[in-house]
Amino acid sequence: MIRPPASLAVAALLAASTAFAQQPPADALPASPSVTVTGAATTHVQNDRMTAMVRAEQEQTSPGAAAADVNARMAKALAAAKAVPGVEARSAGYNTWQQWEKGKPGKWRVSQTMSLTGTDFPALAALLAKLQDEDGLLVSSISFSLAPESRRRAEDALTREAIRAWQQRAATGAEALGFAAWRPGRVTVATGDHAPPQPRFDMMARAGAAPAASPPVAVEGGTTELTVTVTGDAVLDRPTGR
């Protein structure tokens, strides 16, 4: 039988003894106990940006004829939109497809969509009425939101309020758990929003019928609910019982 050298056996025994001695008792408390708490702040902010989706549609037996009509009306509408101060206009989609009906020649339908965004609600509403009356455009949807600068200002104020709420929760938790002091550990800040359902429109004139004069679209921007949530660890210090 080959026996290991005595020096190796002693070294292995010492290493095992040291590792066992370094293991903390199973019921020992962590060096820095902590409690995870959450604080939040919520507010409603008046929407200050309006976005409308409008479209031009035409159906013809020839795709070229349908496209020519849509292109002409949309070009005129785009020029009218650019003439209104503060309105941002951009193309949002163009579709061409063929429709078949049994026993009848096939027809081609062309549709082009434009997005209109602005902060002057009455001016944009008047533009929509004009585009419907003069160019036969159809309003697909109207939505309201917060301009980026308005959102940033509101979220900055909410962040400060939510942090104060988190600090109060941390102090309350530390006191209830029997600690005289605490300090922030890892903390995260999250933002969120909620807007009520937005109105949708699908105002289509009957084929061959001239659209009646439309009054300006009545709009109300409503509000967006903003929430800032702060979640993190409060590291506890100085137990009051010691």
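For the structure itself, consult the block above.
Description of the structure in this document. (Residues numbered from 1 in each chain as written. Predicted model: local features only at pLDDT ≥ 70, side-chain atom pairs only at ≥ 80, totals over all residues. Heavy atoms only, no water.)

1. Focus: the overall build of the chain
- Regarding its fold elements, the chain presents four helices and seven strands.
- The order of helices and strands in the chain, counted from the N terminus, is α-β-β-α-β-β-α-β-α-β-β.
- Within the chain, the fraction of its 242 residues that count as buried is 31%.
- For the chain, the exposed surface amounts to about 15,200 Å²; the carbon and sulfur share of it is 56%. (Helix = DSSP H or I, 4+ residues; strand = E, 2+ residues; numbered from the N terminus. Buried < 20%, exposed > 50% of the residue type's maximum accessible area, 1.4 Å probe, protein only. Areas by Shrake-Rupley, 256 points an atom, 1.4 Å probe, with all protein chains shown as cover.)

2. Description of the pattern of salt bridges
- Under the defined criterion, the tally for this structure stands at 11 salt bridges.
- Two residues, R55 and E57, come together in a salt bridge whose shortest N-O distance is 2.8 Å. The burial state of R55 is the same as that of E57; both residues are buried.
- Linked by salt bridges that have partners in common, R55, E57, E59, K107 and R109 make up one network. (Salt bridge = Lys/Arg side-chain N within 4 Å of Asp/Glu carboxyl O.)

3. So, helix α3 (residues 121–135)
- The end-to-end C-alpha distance of α3, which contains 15 residues, comes to 20 Å, matching closely the 21 Å that a straight helix rising 1.5 Å per residue would cover.
- Listing the buried residues of α3 in full gives F121, L124, A125, L127, L128, A129, L131, Q132 and D135.
- Tucked inside the fold, the buried residues of α3 contact β2 (49–60), α2 (63–82), β4 (107–118) and β5 (138–145).
- If you check the start of α3, you find a side-chain oxygen 3.2 Å away from the backbone N of A123, and it comes from D120.
- Backbone geometry just downstream of α3 places G136 in the positive-phi region, at approximately 65°. (Expected span 1.5 Å × (residues − 1). Contact = heavy atoms within 4.5 Å. Polar contact = N/O pair within 3.5 Å; in protein donor to acceptor, adjacent residues only side chain to side chain.)

4. Quick word on the packing of aromatic side chains
- As enumerated under the stated definition, the model contains two aromatic pairs in all.
- A ring pair is formed by W166 and W182, whose centres lie 5.7 Å apart and whose planes are at 80°; its orientation type is edge-to-face. A residue pair is termed long-range when its members are at least 10 positions apart, and W166 in helix α4 (residues 148–176) and W182 in strand β6 (residues 179–194) qualify at 16 residues.
- Taking the relative accessible area as the measure of exposure, W166 reaches 4% and is therefore buried. (Phe/Tyr/Trp six-rings, centres within 6.5 Å; stacked < 30°, edge-to-face > 60°.)

5. Considerations on α2
- Compared with an ideal rise of 1.5 Å per residue, which puts 20 residues at 28 Å, α2 spans 28 Å between its outermost C-alpha atoms and is within 8% of the ideal.
- Looking at the buried positions of α2, the neighbouring elements they touch are β2, β3 (88–99), β4 and α3.

6. As for the environment of V110
- The residue V110 is located in strand β4 in this model.
- Each C-alpha atom of the pair V110 and Y94 lies 7.6 Å from the other, and the pair is 16 residues apart in sequence.
- Those residues within four positions of V110 in sequence are excluded, and the remaining contacts are A56, E57, Q58, P63, A66, A67, V70, Y94, N95 and T96.

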